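# Descriptive structure summary
If you want the building blocks of each chain, they are given just below.
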Amino acid sequence: MTDTIKADGERAAPCAGLRIGDGAPDFSARSTTGDVRLSDYRGRWLILFSHPADFTPVCTTEFVALAEAAGEFEARDCALMALSVDSLFSHFAWLRLIRDRYDVEVRFPIVEDPTLVIGRAYGMVAPNDNDSATVRTTFFIDPSGVIRAMTCYPANVGRSTPEMLRTLDALQAVDNGPVLAPANWAPGEALLAQPDASLDTVFSAKGQTDWFMKETKRGARK
């Protein structure tokens, strides 16, 4: 997708079925922090995530948790951007309620997508869907605008903020060299070396797994 999507429906976008390694489709839209354009975030990490609707219980807990952790994402040079079909004024009213009830201000942009044009372009909803009731998708987008990881949860299960941070840490750690992040990896723990695709290495390894399971430097948080 080479041109820009506009959330007012000026251009219809197909359901894209994006994959890891694809470029994140650019778009411009209104948000709670003013007009935003995805490509303006090039040069830093961006987490774009959708939520089914404002004034819903699971989404409210997510936004409180993410607002409280906003400084941790910022410390990793990562911006947050939310998306839903609700109108801009619905977003405003919901954020006022969150501030008054939970004493936390949501300062990252929440984009309005009333026509589902952005959701469809990202494959969050099917072409014939009329609402985003099942949408809770997260895209981890690197500084070059490439999708590096994706998660998708049902409407009745909320995201884990610690896991979002851990995923971001792991993606940034593996970008520092030809290394791998093992299961449950956390900053400060050992990373794994890329296996050497050489038969001599396989035969000369002391242990049965040493040729493909080798710890390397410890990965620090960005």
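In case you missed it, the structure is sitting above this.
All of the points below concern the structure found in this document. Throughout, residues of each chain are indexed from 1 in the direction in which the sequence is written. Side-chain atom pairs in this predicted model are given and counted only at pLDDT of 80 or more, local residue features only at pLDDT of at least 70, and totals for whole chains, interfaces and linings cover all residues. Calculated side-chain values reflect all of the structure's heavy atoms, with hydrogen atoms and water omitted.

For the rest of this paragraph, the subject is the sheet that holds strand E6 (residues 110–112). Being paired, for any two strands, means DSSP has found at least two bridges between them. Each helix is a run of DSSP H or I of at least 4 residues and each strand a run of E of at least 2, with the numbering of both proceeding from the N terminus. Ordered by their spatial adjacency, 5 strands build an open sheet running E6-E5-E4-E7-E8, and the pairing between neighbours is mixed. Unpaired on one side and paired on the other, E6 and strand E8 (147–152) mark the two borders of the sheet. The mean angle between the axes of side-by-side strands here comes to 20 degrees, regardless of whether they run parallel or antiparallel. Fitted lines through C-alpha atoms give the axes, limited to the stretch in contact for helices. The angle between two N-to-C directions lies from 0 to 180 degrees.

Further remarks concern helix H1 (residues 57–68). In this model H1 runs 17 Å from its N-terminal to its C-terminal C-alpha over 12 residues, within 8% of the 16 Å that 1.5 Å per residue would give. The buried label applies to any residue whose accessible area, calculated with a 1.4 Å probe on protein chains only, is under 20% of its type's maximum; exposed applies above 50%, and partly exposed to all values in between. Residues of H1 that are buried: Cys59, Thr60, Glu62, Phe63, Val64, Leu66 and Ala67. Contact criterion: two residues are considered in contact whenever any of their non-hydrogen atoms come within 4.5 Å of each other. As for H1, its buried residues are in contact with strand E4 (45–50), helix H2 (70–75), strand E5 (78–84), helix H3 (88–102), E6 and helix H5 (161–174). One less than the number of residues in a helix, times 1.5 Å, gives the span that helix is expected to have.

All right, on to unusual backbone geometry then. Backbone geometry follows two general trends: most residues other than glycine have a negative phi, and most peptide bonds adopt the trans configuration. If you check the backbone angles, Phe55 has positive phi at about 55 degrees while not being a glycine. On the secondary structure map, Phe55 appears in the loop between E4 and H1. On the basis of relative accessible area, Phe55 is assigned to the partly exposed category, the value being 44%. In this model, Leu116 sits at a positive phi of 65 degrees, which is unusual for a non-glycine residue. Among the secondary structure elements, Leu116 is positioned in the loop between E6 and helix H4 (117–121).

Now for the environment of Thr151. Turning to its location among the elements, Thr151 is positioned in strand E8. Taking the relative accessible area as the measure of exposure, Thr151 reaches 27% and is therefore partly exposed. For Thr151, the contacting residues outside a window of four places in its chain are Arg136, Thr137 and Thr138.

It is worth spelling out the nonpolar core at this point. Put simply, buried Ala, Val, Leu, Ile, Met, Phe, Trp, Tyr and Cys residues joined by side-chain atoms within 4.5 Å make one nonpolar core. Membership of the largest hydrophobic core comes to 26 residues, with the highest contact counts inside it found for Ile47, Phe49, Phe63, Phe73, Ile98, Val106 and Phe108. Among the elements of the structure, E4, H1, E5, H3 and H5 are those that each provide at least two residues to this core. For this core, the element with the most residues is H1, which contributes 5 residues. The next biggest cluster of nonpolar side chains, apart from the first, holds 21 residues, and it includes Phe27, Val111, Met124 and Ile141.

Attention now goes to the pattern of salt bridges. Think of a salt bridge as a Lys or Arg side-chain nitrogen and an Asp or Glu carboxyl oxygen that are within 4 Å of each other. On inspection of all chains with the given rule, the structure shows 13 salt bridges. In this structure, Asp142 engages Arg148 in a salt bridge whose closest nitrogen and oxygen atoms are separated by 3.3 Å. The buried category is assigned to Asp142, whose relative accessible area is 10%. The residue Arg166 makes a salt bridge to Glu163 at a minimum N-O spacing of 2.9 Å.

This part takes up the packing of aromatic side chains. Only centres within 6.5 Å qualify two rings of Phe, Tyr or Trp (six-membered ring in Trp) as a pair; their planes then separate them into stacked at under 30 degrees, edge-to-face at over 60, and tilted for everything else. For the coordinates displayed, the defined rule picks out 7 aromatic pairs. When the ring of Phe49 is compared with that of Phe108, the centres are 5.8 Å apart and the planes differ by 65 degrees; the resulting orientation is edge-to-face. Placement of the pair is Phe49 in strand E4 and Phe108 in the loop between H3 and E6, with a sequence separation of 59 residues. For Phe49, a relative accessible area of 0% puts it in the buried group. Consider the rings of Phe63 and Trp94, whose centres lie 4.7 Å apart with planes at 55 degrees: the pair is tilted. With Phe63 in helix H1 and Trp94 in helix H3, this residue pair connects regions lying 31 residues apart in the sequence. Since its relative accessible area comes to 0%, Phe63 is described here as buried.

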